[in-house]
Amino acid sequence: MSSPVSARLPVFPWDRLEPYKRTAVAHPDGIVDLSVGTPVDPVPELVRRALAAAADSPGYPTVWGTVELRDALTAWGERRLGARGLTHRHVLPVVGSKELVAWLPTQLGLGPGDKVAYPRLAYPTYEVGAKLAGAEPVAYDDPTELDPAGLRLLWLNSPSNPTGRVLGKDELARAVAWAREHGVLLLSDECYLELGWETEPVSVLHPDVCGGSHEGIVAVHSLSKRSNLAGYRAAFLLGDPAVLGELLQIRKHGGMITPAPVQAATVAALGDEAHVAEQRARYAARRAALRAALEGGGFRVEHSEASLYLWATRDEPCWDTVAELAGRGILVAPGDFYGEAGARFVRVAFTATDERVEAAVKRLG
Ligand SMILES: Cc1ncc(COP(=O)(O)O)c(C=O)c1O
């Protein structure tokens, strides 16, 4: 086969972690895997019940979702994000946010000659999305210093994976104003918005940021982290109806449909805040324990004011840290998975059970 698309993509980095995983697994008390941000706590009971109640779903669901789902999305956006004036035209379900990040440039018709920009340290799928479309990926330190020529799509990610950094209202507003001035579509990946620890993350759709207009901006949200639903593939977009209307057409033709039971489960999950508070409390305790253990063990933690990660360094190459911790049975992600700027950091996820976090704390002591 000539020029396979996969040849455009970066090497899948997790394969490089495998030897360290084998070392960590060999620890007499087993591995503590803090390398990935995958939820480990139960799916909330009310969400499971909603999924089961919708199990008899023989017909095709719609890409736009049920009326109940669209109502739930607009209500949540107004209540939780402070967005105003959301209608059904301002929402679009997606099949987990990763597929959206990866395929958005393609679905918007971007290609050679177009640019897609994302933070210097970032979730790798922004780059993958640009490359799948044949567009040029561009990493930035400050989005307002980008060259707007050819730039079609600007990604923000606050709270950030991997650093846990949160952009304040002013920084967000400046990025929105710059993107509008230059006619660049702004996508704000806010999938960790519910996980602020030292600050309250703000959505790009908040009127103080967007000025009450949704023009040229789209926020990306996911239930994977908020509601322990990574296994359900439940996420959605909120924002500019012109953009979402176009995506709806394309995704209808492409059959990118959220399964009906998952749509029903999403309605239940968005209507409940109690399970979110409960899950936050679990993460807060794990975060505090791991942070104290890391700092006691000679690490410096930077940013990390939100999200599911501690961004930590011992001022040495990240792979040295990964190797040393693997020897103690703890697996973490090397910072260079997220860009060269992370080469002296590791990302420590607190998505492990209390028992495993306790084991990690002992081993770091
Ligand atoms: C910044 C960011 N965006 C998007 C995703 C994708 O999440 P999901 O596909 O589960 O919605 C992740 C997952 O870790 C992430 O860290």
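What you are looking at is a predicted structure, and each value in this text was computed from that prediction instead of being measured.

Thresholds, definitions, all that
Residues numbered from 1 in each chain as written. Predicted model: local features only at pLDDT ≥ 70, side-chain atom pairs only at ≥ 80, totals over all residues. Domains from an automatic or database assignment. Contact = placed C-beta atoms within 7 Å. Helix = DSSP H or I, 4+ residues; strand = E, 2+ residues; numbered from the N terminus. Buried ≥ 20, exposed ≤ 12 C-beta atoms within 10 Å, placed from the backbone. Arc of directions from axis to C-beta. Near = placed C-beta within 6 Å. Nonpolar A, V, L, I, M, F, W, Y, C, P; charged D, E, K, R; others polar. Core = buried A, V, L, I, M, F, W, Y, C linked by C-beta atoms within 7 Å. Pairing = 2+ DSSP bridges.

(A) Just the domain arrangement of the protein, in detail. Its domain assignment divides the protein into domain 1 (5-42 + 274-364) and domain 2 (45-271). Between domain 1 and domain 2, the residue contacts involve 31 residues of the former and 31 residues of the latter. Secondary-structure elements contributing two or more residues to the side of domain 1 that touches domain 2 are helix H11 (274-296) and strand E10 (309-313). Counting residues per element, the side of domain 1 that touches domain 2 draws most heavily on H11, at seven residues.

(B) Spatial organisation of helix H13 (residues 354-364). For H13, the set of buried residues is Val-357, Ala-359, Ala-360 and Leu-364. When H13 is viewed along its axis, its buried side chains cluster within an angular range of 155 degrees and face the same direction. Those residues of H13 that are exposed and angled more than 90 degrees off the buried face are Glu-355 and Lys-362. Buried-residue contacts for H13 involve strand E1 (32-33), H11 and strand E11 (330-331).

(C) Local environment of the site of the ligand. The local shell around the ligand holds 14 residues, among which Gly-96, Ser-97, Lys-98, Ser-222 and Ser-224 are the closest. Along the lines of polarity and charge, the residues of the shell around the ligand split into five nonpolar, seven polar and two charged.

(D) Examining the nonpolar core more closely. Leu-186, Leu-237, Ala-265 and Val-348 are the most contacted members of the largest nonpolar core, which has 117 residues in total. Of the residues forming this core, the biggest block, eight residues, is contributed by helix H10 (residues 260-270). Non-local contacts of Leu-237, meaning those with residues more than four positions away in its chain, are made with Val-91, Leu-92, Val-94, Val-218, Ala-219, Val-220 and Leu-244.

(E) Expanded view of the pairing of E10. The buried fraction of E10 is high, at four of five residues. Two elements, strand E9 (residues 300-302) and E10, share three bridges in a ladder whose sense is antiparallel. Looking at the pairing, Val-301 lines up with Ala-312 of E10. Counted along the chain from E9 to the antiparallel partner E10, the turn is six residues long, and its residue His-303 has a positive phi close to 50 degrees. In terms of strand pairing, E10 meets strand E13 (residues 346-349) through four bridges, oriented antiparallel.

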